[in-house]
Amino acid sequence: MSKLNGTIFMPPVLTLIGIPGLESVQFWIGIPFCAMYIIALFGNSLLLVIIKSERSLHEPMYLFLAMLGVTDIVLSTCILPKMLGIFWFHLPDIYFDACLFQMWLIHTFQSIESGILLAMALDRYVAICDPLRHASIFTHKLLTQIGVGVTLRAALLVAPCIILIKCRLKHFCTTVVSHSYCEHMAIVKLAAEDIRVNKICGLFVAFTLLGFDIIFITLSYIRIFITVFNLPQREARLKAFNTCIAHICVFLEFYLLGFFSFFTHRFGFHIPPYIHILLSNLYLLVPPLLNPIVYGVKTKQIRDRVSKVFHSKNSS
């Protein structure tokens, strides 16, 4: 690692400090974060086992839910082990290339989750607005294509942000990252060079992926609500609306946390840094924690299957 005019040329190692301003209590913050991670792992794993073992759940809505569970497990695993290493074992160093890889994984799986939420909204749209064609449209072949398409879309669109950091930014003001994981803007802001291209690329990717998804999810639900409210019977309206409640909760939780974190990080100049970092951490940890709980509570088939699993264990 060489220094030139007070800058550091291509540092091999970066230092993640965790949550700036809260270093003295990071050990205690790690405890609820670890508990959230364990519950998220258990809840999503249980969800995957139930969907795999119960043939009646091999339907598009539940298969999308299984994809969401896998994404949540990977997403939370991308950040939590290293974060706990910083909080509990004072292991803040990370290789520069490993940091870029973590960044790519995090932003890729965030985008995959957004794509799956869009697919789930379209599934509900067809199921409610055109129920007779639902089975013929959402075939297992289409589900596979959606899964592959969502993954490739995220991986390929996020990659340029990583490549630009690797190829354009050579000189850095510091190697100390004021964050608990390798977030795109947290790394870009370390550079001593012009970062406008990197900022533009990050905004373009965010609005292309998340902006596109949220627009089409919103349009789908506007159409769903119009169809539901036009149903003649109150019971039919309640039944149709009830099939969407869990997805609406997950959708709001993911995007509200995401946009609040995104805009405070870029435009909340008067907000203390530890608020930015806590929001970023919660954005990645809360959805994996809540998604299986929301679907477990609101979906009767899953709720009954979970009750059966624990009842059989108690009986034995």
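Structural data are supplied above this passage.
This structure is a prediction, so every number in the text was calculated from the model and none was measured.

The next subject is the side chain of His 276. For His 276, the position within the fold is in helix α9 (residues 273–298). Residue classification places His 276 among the buried positions, given a relative accessible area of 10%. A polar contact of 3.4 Å, which involves the side chain of His 276, links it to the backbone oxygen of Ile 271.

Notably, Met 10 is not glycine yet its phi reads approximately 45°, a positive angle. Within the secondary structure, Met 10 is located in the loop between β2 (7–9) and β3 (13–16). Its identity as a non-glycine residue notwithstanding, His 90 has a phi of 55°, on the positive side. Along the chain, His 90 falls in the loop between α2 (60–89) and β4 (93–95).

Between two cysteines, a covalent bond joining their sulfur atoms is known as a disulfide. Scanning the model with the defined rule gives one disulfide in all. At a sulfur-sulfur separation of 2.0 Å, the disulfide partner of Cys 99 is Cys 182. Because the sign of the S-S torsion sets the handedness, a value of about -120° for the bond joining Cys 99 and Cys 182 places this disulfide among the left-handed ones. With a gap of 83 residues between them, Cys 99 in helix α3 (residues 96–129) and Cys 182 in the loop between β6 (176–177) and α6 (184–188) connect regions that are remote in the sequence. The exposure classification of Cys 99 matches that of Cys 182, with both residues buried. Its sulfur unpaired, Cys 78 is 11 Å from the next cysteine sulfur, which belongs to Cys 182. Residue classification places Cys 78 among the buried residues on the basis of a relative accessible area of 13%. Free of any disulfide, Cys 129 has its nearest cysteine sulfur in Cys 244, 8.8 Å distant.

Quick look at the pattern of salt bridges now. Enumeration according to the criterion identifies six salt bridges in this entry. For the salt bridge of Asp 97 with Lys 166, the shortest nitrogen-to-oxygen distance reads 2.8 Å. Here Lys 166 lies in helix α5 (residues 140–168) and Asp 97 lies in helix α3, a separation of 69 residues in the sequence. Using a relative accessible area of 45% as the deciding quantity, one classes Asp 97 as partly exposed. Residue Lys 166 is classed as partly exposed on the basis of its relative accessible area of 35%. The salt bridge partner of Arg 133 is Asp 130, with a shortest N-O separation of 3.4 Å.

This part covers the nonpolar core. Core analysis: the largest hydrophobic core is formed by 85 residues, its most contacted members being Leu 14, Phe 33, Ile 79, Leu 117, Ile 165, Ile 187 and Ile 217. Broken down by element, this core gets its largest block of residues, 16 residues, from α3. Not counting chain neighbours up to four residues away, the residues in contact with Ile 187 comprise Leu 14, Cys 99, Met 103, Ile 165, Phe 172, Val 177 and Cys 182. If you look at the next biggest cluster of nonpolar residues, it comprises five residues, including Cys 161, Cys 201, Val 205 and Leu 209.

So, about a nonpolar patch on the surface. Together, Phe 212, Ile 215, Phe 216, Leu 219, Ile 222 and Ile 226 line one region of the surface with nonpolar side chains, adding up to about 550 Å² of accessible area. Mapping Ile 222 onto the fold places it in helix α7 (residues 196–229).

What follows concerns the pairing of β3. Burial of the side chains of β3 is restricted to one face: Leu 14 and Leu 16 are buried, whereas none of Val 13 and Thr 15 on the reverse face is. Pairing between β3 and β4: three bridges, direction antiparallel. Looking at β4, one finds that Leu 14 is bridged to Ile 94. For β3 and β6, the ladder comprises two bridges, and the chain directions are parallel. Within β6, the position partnered with Thr 15 by the bridge is Val 176.

So, about the packing of aromatic side chains. The geometry of an aromatic ring pair is captured by two quantities: the separation of the ring centres and the angle between the planes. Per the counting criterion, the structure on display carries 13 aromatic pairs. Relative to Phe 87, the ring of Phe 33 lies with its centre 6.4 Å away and its plane at 40°, an arrangement referred to as tilted. Here Phe 87 lies in helix α2 and Phe 33 lies in helix α1 (residues 26–53), a separation of 54 residues in the sequence. The exposure class of Phe 87 is buried, given its relative accessible area of 3%. With centroids separated by 6.3 Å and ring planes inclined at 35°, the aromatic side chains of Phe 225 and Phe 229 adopt a geometry described as tilted. With Phe 225 and Phe 229 both in helix α7, this residue pair falls four residues apart, about one helical turn. Connected via pairs of aromatic rings, a cluster forms that spans Phe 27, Trp 28, Trp 88 and Phe 89.

Thresholds applied
Within any chain, residue numbers begin from 1 and follow the written order of that chain's sequence. Only residues with pLDDT of at least 70 are given local features in this predicted model, and only at 80 or more are side-chain atom pairs given and counted; all residues enter the totals for whole chains, interfaces and linings. Remark: hydrogens and water are excluded; side-chain values derive from all non-hydrogen atoms of the structure. For the purposes of this entry, the term helix denotes a DSSP run of H or I that reaches at least four residues, the term strand denotes a run of E that reaches at least two, and both are numbered from the N terminus. Three labels apply to residues, based on accessible area from a 1.4 Å probe with only protein chains included: buried if under 20% of the type maximum, exposed if over 50%, partly exposed otherwise in between. Here a polar contact is recorded for every N or O atom pair within 3.5 Å, except that within protein the pair must consist of a potential hydrogen donor and a potential acceptor, and residues adjacent in sequence are included only if both atoms are side-chain atoms. Counting rule for disulfides: a pair of cysteine sulfur atoms within 2.5 Å. What counts as a salt bridge is simple: a side-chain nitrogen of Lys or Arg found within 4 Å of a carboxyl oxygen of Asp or Glu. Take the buried Ala, Val, Leu, Ile, Met, Phe, Trp, Tyr and Cys residues and link them wherever side-chain atoms come within 4.5 Å; each set so joined is a nonpolar core. In this analysis, two residues are considered to be in contact whenever any of their non-hydrogen atoms come within 4.5 Å of each other. Exposure above 30% relative accessible area and no salt bridge define the residues that can form patches, which grow by joining like charges within 9 Å and nonpolar side chains of Val, Leu, Ile, Met, Phe, Trp and Tyr within 5 Å. For the area figures, the Shrake-Rupley method with a 1.4 Å probe applies, and any residue is considered shielded solely by the protein chains shown. We treat two strands as partners when DSSP finds at least two bridges between them. Any Phe, Tyr or Trp ring, taking Trp's six-membered ring, that has another such ring centre within 6.5 Å forms a pair; planes under 30 degrees apart are called stacked, those over 60 apart edge-to-face, and the others tilted.

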